Protein chains: 2
Amino acid sequence: MTATVHPLHSAAPGTPAPSLDPLVALIASDMNQVNTVILERMQSEVPLIPELAGHLIAGGGKRMRPMLTLACAKLLGYGGTRQHKLAATVEFIHTATLLHDDVVDGSGMRRGRRTANIIWGNPASVLVGDFLFSRAFELMVEDGSLRVLRILSNASAVIAEGEVAQLTAQRRIETDEERYLAIIGAKTAALFAAACRIAAVVAERDDADEEALDAYGRNLGIAFQLVDDAIDYASDGNTMGKDTGDDFRDGKVTLPVILAYARGDDVQRKFWKDAIEGRRVSDEDLAHANALLEESNAVADTLARARHYGQRAIAALGRFPDGRAKSALIEAAQFAVSRAY
Amino acid sequence: MTATVHPLHSAAPGTPAPSLDPLVALIASDMNQVNTVILERMQSEVPLIPELAGHLIAGGGKRMRPMLTLACAKLLGYGGTRQHKLAATVEFIHTATLLHDDVVDGSGMRRGRRTANIIWGNPASVLVGDFLFSRAFELMVEDGSLRVLRILSNASAVIAEGEVAQLTAQRRIETDEERYLAIIGAKTAALFAAACRIAAVVAERDDADEEALDAYGRNLGIAFQLVDDAIDYASDGNTMGKDTGDDFRDGKVTLPVILAYARGDDVQRKFWKDAIEGRRVSDEDLAHANALLEESNAVADTLARARHYGQRAIAALGRFPDGRAKSALIEAAQFAVSRAY
């Protein structure tokens, strides 16, 4: 194991901003294969299925999770083709959860476009999500690895548990940081972890390699989610393709709110309680919330937490040989925590 | 293959009414094992999951599909215990689809109780459905048969396709009988077929036995669904635990409506078009619809179609040895088509 320190971007402000470009370039030709599988396997005799699924799948997502499967396979020097079908599987599971999430949250915008539930209605989004989820398992069965099936069926159950836990925490200002981290560990990081871990299964590596890739993905997923939560308060709808302030208006208790609430005086805590419980949802309320977040350093500290997980993701790669794949995965973690600036 | 003719109840009106009792008695001790698996495996650290899932799972359903897995395993003389976990799997998949169906349909009552979506809201129903579906796949992975995984992942995809197709057909009076049969073949019969078929996999039988059990389940499923559709117009909410006239008010084009529309004059066809498109939803409209269904023999002929599928289900059992299991499965098919009278 090497102990090289790979600094996150914020620690070295003079260097060029980290980006996903090396990762994208690394797996570009593999991703063409994955896209072919995705397009083929989202087809159905029922035209609404490819229409609705295509809206989201072709809708400009980064394909972060399948990229991770492909890049981890490259990191391990795997020379076969099984990763293509399995990366498509991961993207199908992710797409299914997005479709259901948008129904659950009543979201209207994602990636700068109207959500499927707005265009085709909640029923179609629920059912097409179910279809993609089932299709993901069909693809895994075709691949034939019970170990992959175990990893992804477990991740799917954990994701659903995390989503239900988040629903339970919604509008509850007393949700604390530990509980919040458990929720995002389940609803977001579990699939990142599984996407990386299955590459080790495909490459027939030992448990230690599996665990290391799992740790990379899990920490990266948490970092991504923390930054997303910060961005929801910090950016405007145009840049991120997401409605800013969505979390605020939905009464979601994310880390910025948890930190600001913990640090607030009685008046401020009353404001947060009212806001999270749905009694303060105007644009003025959102502006006041942003001012409180600024004053309490809550967004900045959320990003500091994200950098911590980014560092842990990078550290987990220590056991793997240096090279193009490792560099790209390291830069992806640096990108994850620097994109908010 | 024997060619014994097992008459359906309607053909022999003097005999006692067929019931599910022999089937229930046949598998009673196995079902205790299945219930233990169900109760254990619907648990979660997130309390809302067992609470919501338990409402539906403990809510007085017949457990028809797991009963079929157990009874088919007995029919084949299987002496192991794998069928318990797999029957629980089938029930989890079924419960997940019911939770999502009630969201999709906006249903308020099922089995005489308020639906989960009414009590806990649509978001929780969607997510707990996802959890049960994932848990079903975890159970299959524990069992370890890729063949079972293939059968049930395929059935799940077909079910979702059938549900989307039904959504597309909703409020479209031009849906014809062929299309309708394709929809119920997917959304209902696919899981009946899979529930029976996996018993042959567990008992390590050949393809012909698998196909025969699949055919039994598939035809039984279609018969059940046709009778359900007839009952929606024929019974009252108290007897069935379902809101009568739900299908009518939801603009669902089921076989009774398809037959009445096909046989109606211009005035009647206009009524059906208006009703299905949502412009006639009063109690008077429902009463008028029932009168038209009576006049055109549409409900009676739907039940005649159901008997046809019931006969085919029974015929598919021809290759299996006579005995208690076979008799119970035959009587289940007779029950399926006689319960509307």
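Here, every reference points to the structure presented above.
In what follows, the accompanying structure is described. Small disclaimer: the values here were computed from a predicted structure and weren't measured.

Moving on, we come to the overall build of chain A. Helix and strand counts for chain A come out as 17 helices and 2 strands. By the compact-globule yardstick of 20 Å for 341 residues, chain A fits well, its C-alpha radius of gyration being 20 Å. In terms of principal-axis extent, the alpha carbons of chain A reach across some 60 × 55 × 30 Å. A total of 341 residues make up chain A; the buried ones form 61% of that total. Partitioning the intrachain contacts of chain A with sequence separation of at least 6 by distance along the chain shows that 76% fall at a separation of at least 24. When the accessible surface of chain A is summed, it comes to about 13000 Å², and 49% of that surface belongs to carbon and sulfur atoms. Taken together, the 37 basic and 46 acidic charged side chains of chain A have centroids lying 2 Å from each other.

Moving on, we get to helix α14 (residues 266–276) of chain B. Residue and element names in this part refer to chain B. Within α14, the full set of buried residues consists of Q268, F271, W272, D274, A275 and I276. Buried residues along α14 sit against α12 (246–249), α13 (255–263) and α15 (283–295). The distance from a side-chain oxygen at the start of α14 to the backbone nitrogen of V267 is 3.1 Å, and the residue carrying that oxygen is D265. Positive phi shows up at G278, right after α14, with a value of about 95 degrees.

On to the interface of chain B and chain A, then. Reports often express the size of an interface as the amount of accessible area lost when the parts come together. Each side of the interface is counted separately: chain B has 34 residues, and chain A has 34 residues. Counting across the chain B and chain A interface gives 0 salt bridges. At the junction of chain B with chain A, the criterion picks out 8 residue pairs in polar contact (both at pLDDT 80 or more). Of all the secondary structure elements, the ones that give two or more residues to the side of chain B that touches chain A are α3 (48–57), α5 (82–105), α7 (122–143) and α8 (146–169) of chain B. In terms of residues, the side of chain B that touches chain A owes the most to one element, α8 of chain B, which gives 14 residues.

Quick look at helix α2 (residues 28–41) of chain B now. Owing to its 3.6 residues per turn, the α-helix brings residues three or four apart onto one side. All names here are of chain B. For α2, which comprises 14 residues, the first-to-last C-alpha distance of 20 Å matches the rise-based estimate of 20 Å (1.5 Å per residue) to within 8%. Buried within α2 are the following residues: D30, M31, V34, V37, I38 and R41. Relative to the axis of α2, the buried residues are bounded by an arc of 115 degrees and lie together on one face. Opposite the packed face of α2, turned more than 90 degrees from it, sit the exposed residues S29 and E40. Each element contacted by the buried residues of α2 is listed here: α3, α4 (64–75), α5 and α7.

Moving on to the pattern of salt bridges. Residues and elements named next belong to chain A. On inspection of all chains with the given rule, the structure shows 52 salt bridges over all chains. Linking R110 and D102 is a salt bridge whose minimum nitrogen-to-oxygen distance equals 2.9 Å. We classify R110 as partly exposed; its relative accessible area is 24%. Residue D102 is classed as buried on the basis of its relative accessible area of 4%. A salt bridge links D214 to R218; its shortest N-O distance comes to 3.1 Å.

Residue and element names in this part refer to chain B. Here A212 is to be found in helix α10 (residues 207–234). With 106 residues separating them in the primary sequence, A212 and G318 have C-alpha atoms 8.7 Å apart. Once residues lying within four places of it in the same chain are set aside, the contact partners of A212 are A316, R319 and F320.

So, on to the packing of α7 of chain B against α8 of chain B. Residues and elements named next belong to chain B. Direction vectors running N to C along α7 and α8 enclose 165 degrees, while the axes themselves pass 10 Å from each other. Of the possible angle classes, the one that applies to α7 and α8 is roughly antiparallel. For α7 against α8, the interelement crossing comes out right-handed. Each of F133, F137, M140, V141 and D143 in α7 lies in contact with α8, whose residues at this interface are V148, L149, L152, S153 and S156.

On to the relation of the copies chain B and chain A, then. Between chain B and chain A, which share one sequence, the superposing operator has a rotation angle of 180 degrees and an axial displacement of 0.0 Å; the RMSD is 0.0 Å. Accordingly, the operation relating the two chain copies is best matched by a two-fold axis. With an isologous cut-off of 70% or more, the 100% of interface residues of chain B that recur at the interface of chain A puts this contact in the isologous class.

Turning our eyes to something else, we now look at the state of the cysteines. Residues and elements named next belong to chain A. The tally for this structure, following the rule as stated, stands at 0 disulfides over all chains. The thiol of C72 is unpaired, and the distance to the nearest cysteine sulfur, on C196, comes to 3.7 Å. Taking relative accessible area as the criterion, C72 reaches 0% and is therefore assigned buried. Exposure remark for C196: the relative accessible area of 0% places this residue in the buried category.

How each quantity is defined
Residues numbered from 1 in each chain as written. Chains lettered and ligands numbered in written order. Predicted model: local features only at pLDDT ≥ 70, side-chain atom pairs only at ≥ 80, totals over all residues. Heavy atoms only, no water. Helix = DSSP H or I, 4+ residues; strand = E, 2+ residues; numbered from the N terminus. Rg over C-alpha atoms; globule rule 2.2 N^0.38 Å. Buried < 20%, exposed > 50% of the residue type's maximum accessible area, 1.4 Å probe, protein only. Contact = heavy atoms within 4.5 Å. Areas by Shrake-Rupley, 256 points an atom, 1.4 Å probe, with all protein chains shown as cover. Lys, Arg positive; Asp, Glu negative; His and termini not counted. Charge placed at Lys NZ, Arg CZ, Asp CG, Glu CD. Polar contact = N/O pair within 3.5 Å; in protein donor to acceptor, adjacent residues only side chain to side chain. Salt bridge = Lys/Arg side-chain N within 4 Å of Asp/Glu carboxyl O. Expected span 1.5 Å × (residues − 1). Arc of directions from axis to C-beta. Axes fitted to C-alpha atoms, helices over the stretch in contact; angles between N-to-C directions. Parallel < 35°, antiparallel > 145°, perpendicular 65-115°, else oblique. Left-handed = near helix turned anticlockwise from the far one by under 90°. Least-squares fit on C-alpha atoms with pLDDT ≥ 70 in both. Disulfide = S-S within 2.5 Å.

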